[in-house]
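Residue-level structure breakdown
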Amino acid sequence: LMSGYFIYAIGIVFCLQGNLGYSPWDILNNGFSLLVGCSFGTASIPIGFILIVVLVLCKQKIGLGTVGNMIFIGVFCDLLLNSGLIPLMHSWYMGTLFIIIGAAISAFAVYFYVGAAFYAGPRDGIMLLFTEKSGWPVGLCRVLIDVTVSAAGFLMGGYLGLGTVLNVIVT
């Protein structure tokens, strides 16, 4: 489970360092971090907490994986961003490559994280909840959630760009 979180954070940081625009939830994390003056990873923790509260209030199952996701992915993202091991890209072609690499790393991480069978993370749990409650297809629910969190993050100053579209396509 922990290795899955760390590998997932590596994937996120590659996408962030692509510097072309963030994925929807990362736009929200970025915007919130700018709004309250904290780090990217620290911002993801209260957002995850709010999502967990919604899941509990809606009587959805949460587990160690849900809570661990909320805490550790943000912590690992901050450690990686502060380490400077993954450089910030300044060209569109290298940025695109970083987003593709990040998506591949994240997909690999899901194998560990989901395979540990400690329940979905808070963001995935919200998508499952929305799908269950609305009766709409998962794809439509994901698009609606992605648009909503992207817009909210952008309104707080989060980095929405061409890379956001690429992030959505490859993830």
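Preceding this section is the structure that the text describes.
Residues numbered from 1 in each chain as written. Predicted model: local features only at pLDDT ≥ 70, side-chain atom pairs only at ≥ 80, totals over all residues. Heavy atoms only, no water.

To continue, consider the environment of Tyr119. Checked against the element boundaries, Tyr119 lands in the loop between helix H5 (92-115) and helix H6 (122-134). Here the alpha-carbon distance between Tyr119 and Ile100, two residues 19 residues apart in the chain, equals 26 Å. With near-sequence residues (within four places) excluded, Tyr119 lies in contact with Lys61, Ile62, Gly63, Gly65, Thr66 and Tyr113. (Helix = DSSP H or I, 4+ residues; strand = E, 2+ residues; numbered from the N terminus. Contact = heavy atoms within 4.5 Å.)

Bringing helix H7 (residues 138-155) into the picture now. The end-to-end C-alpha distance of H7, which contains 18 residues, comes to 26 Å, matching closely the 26 Å that a straight helix rising 1.5 Å per residue would cover. Buried within H7 we find Cys141, Ile145, Asp146, Val149, Ser150 and Gly153. What you see down the axis of H7 is that its buried residues fit within an arc of 155°, all on one side. Away from its buried face by more than 90 degrees, H7 exposes Val147, Thr148 and Leu155. Residues of H7 that are buried sit in contact with helix H2 (24-36), H6 and helix H8 (162-170). Gly157 occupies a position one or two residues after H7 and carries a positive phi of about 105°. (Expected span 1.5 Å × (residues − 1). Buried < 20%, exposed > 50% of the residue type's maximum accessible area, 1.4 Å probe, protein only. Arc of directions from axis to C-beta.)

Turning to the packing of aromatic side chains, a few remarks are in order. Summed over all chains, the structure comprises nine aromatic pairs. Geometrically, the ring pair formed by Tyr111 and Phe112 is edge-to-face, given 5.4 Å between the ring centres and 75° between the ring planes. For Tyr111, a relative accessible area of 62% puts it in the exposed group. The rings of Tyr5, Phe6, Phe72 and Phe76 are connected pair by pair, giving a single aromatic cluster. (Phe/Tyr/Trp six-rings, centres within 6.5 Å; stacked < 30°, edge-to-face > 60°.)

What follows is about a nonpolar patch on the surface. Nonpolar side chains collect at one region of the surface, where Phe49, Ile50, Val53, Val54 and Leu57 lie side by side and expose about 470 Å² of accessible area between them. On the basis of relative accessible area, Val54 is assigned to the partly exposed category, the value being 33%. (Patch = residues over 30% accessible without salt bridge, like charges linked within 9 Å, V, L, I, M, F, W, Y side chains within 5 Å. Areas by Shrake-Rupley, 256 points an atom, 1.4 Å probe, with all protein chains shown as cover. Salt bridge = Lys/Arg side-chain N within 4 Å of Asp/Glu carboxyl O.)

Among the nonpolar cores identified, the biggest contains 17 residues, and Ile12 and Cys77 are the most heavily contacted of them. Those elements that place two or more of their residues in this core are helix H1 (2-17), helix H4 (64-83) and H5. For this core, the leading source of residues is H1, giving six residues. The residues contacting Cys77, other than those within four sequence positions of it, are Ala9, Ile12, Val13 and Phe40. Grouped together as the second largest cluster of nonpolar side chains are ten residues, Ile47, Met127, Leu129 and Val149 included. (Core = buried A, V, L, I, M, F, W, Y, C linked by side-chain atoms within 4.5 Å.)

The next subject is the layout of surface pockets. Approximately 790 Å³ is the volume found for the largest pocket. Put simply, the parts of the chain that give the lining of the largest pocket at least two residues each are H1, H2, helix H3 (40-57), H4, H5, H6, H7 and H8. Tallied by class, the residues present in the lining of the largest pocket amount to 18 nonpolar, eleven polar and five charged. Quantified by volume, the second largest pocket comes out at close to 190 Å³. Counting only elements with at least two residues in the lining of the second largest pocket, the list comes to H7 and H8. The biggest single contributor to the lining of the second largest pocket is H7, with six residues. Of the residues contributing to the lining of the second largest pocket, the split by class is seven nonpolar, three polar and two charged. (1 Å grid on protein atoms, 1.4 Å probe; cavity = no way out; pocket = protein on both sides within 12 Å on 5 of 7 lines; lining within 4 Å. Points joined across faces, edges and corners; volume = space filled by probe spheres on them. Nonpolar A, V, L, I, M, F, W, Y, C, P; charged D, E, K, R; others polar.)

To continue, consider the pattern of salt bridges. Scanning the entire structure with this criterion turns up one salt bridge. With a closest N to O distance of 3.3 Å, Arg142 and Asp146 form a salt bridge. Here Asp146 and Arg142 lie together in helix H7, a separation of four residues that amounts to about one turn. Overall, Arg142 belongs to the partly exposed group, its relative accessible area being 30%. On the basis of relative accessible area, Asp146 is assigned to the buried category, the value being 10%.

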